[in-house]
Amino acid sequence: MSFADKIQKFGRSEFVPDGWYWLLQSKDLKSGTAKPATFLDKNFVIYRGEDDVVRILDAYCPHMGAHLCDGAVEGNSIRCPFHFWKYNAQGVCTDIPAQADTKAVAKLNSYKCSEKYGLIWLWYGSPLDNEAVPVIPELQKFELDSTLGKPFTKQCHPNVMMINAIDAHHFRSVHKLIVDLEMEPRILSPRCIQFSNTTALPKKNFLLRWAARFYQKALTYELTYWWGHTGSVMVGPDFLHFYIIFALRPTTEGKAEGQTILVTKKRAGLFGLVINPILLFLSKCVGNYFAKGDTIIFSRIKFNFQTPIKADKPILKFIDHYEQLSSTGFSTHKDVKPWSPKEEMTL
């Protein structure tokens, strides 16, 4: 049996761990409007009420199956475009123009969602779970500024993209990095694992010796992964760190749909207005560096991890962590069955 045969969850499209997954950029959903969205094989309607709060419901009206995204947002409710049945934020039908009684109508499922970093996130898991949208550990006590890169699609599973950033020896072969990274893993929670570089900058020449002055210990390179699909990168000298989040969601075809998030500490006054856009732009440049050189590999890779070597230790730790994740998914939500008479097709 090869190592690949021992893997049960990692890189498998049929397993999706509980977690937050991005659906839409916030700017694309104006107040009083609705949009269609899909995650895996599930269709949703996302709408923003007059209170500016986002709601997510099952996509289709249980009357005849019209998609609610084509309807009208009224207050904090949404009305079906076909026969004008109205549903509140909990998915309860509150109005049928053709009759007064709405009690027989099946309730639509409502889904936990959140807005952060300019994105609308969907919670995939038990609605009672109190897990928050990820925040880079070093930034948890700060207010944040952020901006978004362009959405992207890679022709491989999100897990394959995630191991790329902790694959230290590929930085030598693909990115020509002059530092031999040693990634030390640390479990932060059952759903979160962190990898930190422990090696210092080499002092082979004047430029490297000068750069080493800005690192008290190791070269800063830290990855934090949540539920194996969203990861952050922290790099930079001790006095100024750059932060990038890669939010990835799987597709039923085994692809990764991603959104790059660039983050920095919020800085007050004119200084913040001037310096933060510059820092976010520089963070974007760092993110482009990580993406460069790997795109072709991602487009053709057929992930089959048969022969691990010593240098793959961080990847093995990540796979072991991922194999222990759970998937409650939408199983706590009962699928909506459109109401109909039990016997004859008459009322």
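Keep in mind the model is a prediction, meaning the values are calculated, not measured.

Describing the sheet that holds strand β1 (residues 19–25)
In spatial order, the strands read β1-β11-β10; together these three strands make up an open sheet with antiparallel pairing. Of all the strands in the sheet, just β1 and β10 (113–116) have a single pairing partner and so form its edges. The average undirected angle you get between the axes of adjacent strands in this sheet is 35 degrees. Pairing of β10 with strand β11 (residues 119–124) involves four bridges; the strand directions are antiparallel. Looking at β11, one finds that K116 is bridged to L119.

Topic: the packing of aromatic side chains
One pass over the structure, following the stated rule, counts 19 aromatic pairs. Geometrically, the ring pair formed by F10 and F318 is edge-to-face, given 5.4 Å between the ring centres and 90 degrees between the ring planes. Here F10, found in the loop between α1 (3–6) and β1, pairs with F318, found in helix α7 (residues 313–323); they are 308 residues apart in sequence, far enough to count as distant. By relative accessible area, F10 is classed as buried at 2%. Among the residues examined, F318 registers a relative accessible area of 0% and is labelled buried. Over the ring of W22 we find R249; its NZ or CZ atom is 3.8 Å from the centre of that ring.

Some remarks on the pairing of strand β2 (residues 34–39)
Pairing analysis gives six bridges linking β2 to strand β3 (residues 42–48), with the strands arranged antiparallel. Bridging from a neighbouring strand, A34 pairs with Y47 of β3. In textbook terms, the turn of a hairpin is the stretch between consecutive antiparallel strands, and for β2 and β3 this stretch comprises two residues, one of which, L40, has a positive phi near 60 degrees.

A closer look at the pattern of salt bridges
According to the stated counting rule, one finds eleven salt bridges in the structure shown. A salt bridge links D51 to R55; the nearest nitrogen and oxygen atoms lie 2.8 Å apart. Take R55: its relative accessible area is 14%, and that puts it in the buried class. Between R79 and D95 there is a salt bridge, with its nearest N and O atoms 2.8 Å apart. In this pair, R79 sits in strand β6 (residues 77–79) while D95 sits in strand β8 (residues 93–95), placing the two residues 16 residues apart along the sequence. In this structure D95 comes out as partly exposed when scored by relative accessible area, which is 28%.

Rules of the game
- Residues numbered from 1 in each chain as written.
- Predicted model: local features only at pLDDT ≥ 70, side-chain atom pairs only at ≥ 80, totals over all residues.
- Heavy atoms only, no water.
- Pairing = 2+ DSSP bridges.
- Helix = DSSP H or I, 4+ residues; strand = E, 2+ residues; numbered from the N terminus.
- Axes fitted to C-alpha atoms, helices over the stretch in contact; angles between N-to-C directions.
- Phe/Tyr/Trp six-rings, centres within 6.5 Å; stacked < 30°, edge-to-face > 60°.
- Buried < 20%, exposed > 50% of the residue type's maximum accessible area, 1.4 Å probe, protein only.
- Lys NZ or Arg CZ within 6 Å of the ring centre and 35° of its normal.
- Salt bridge = Lys/Arg side-chain N within 4 Å of Asp/Glu carboxyl O.

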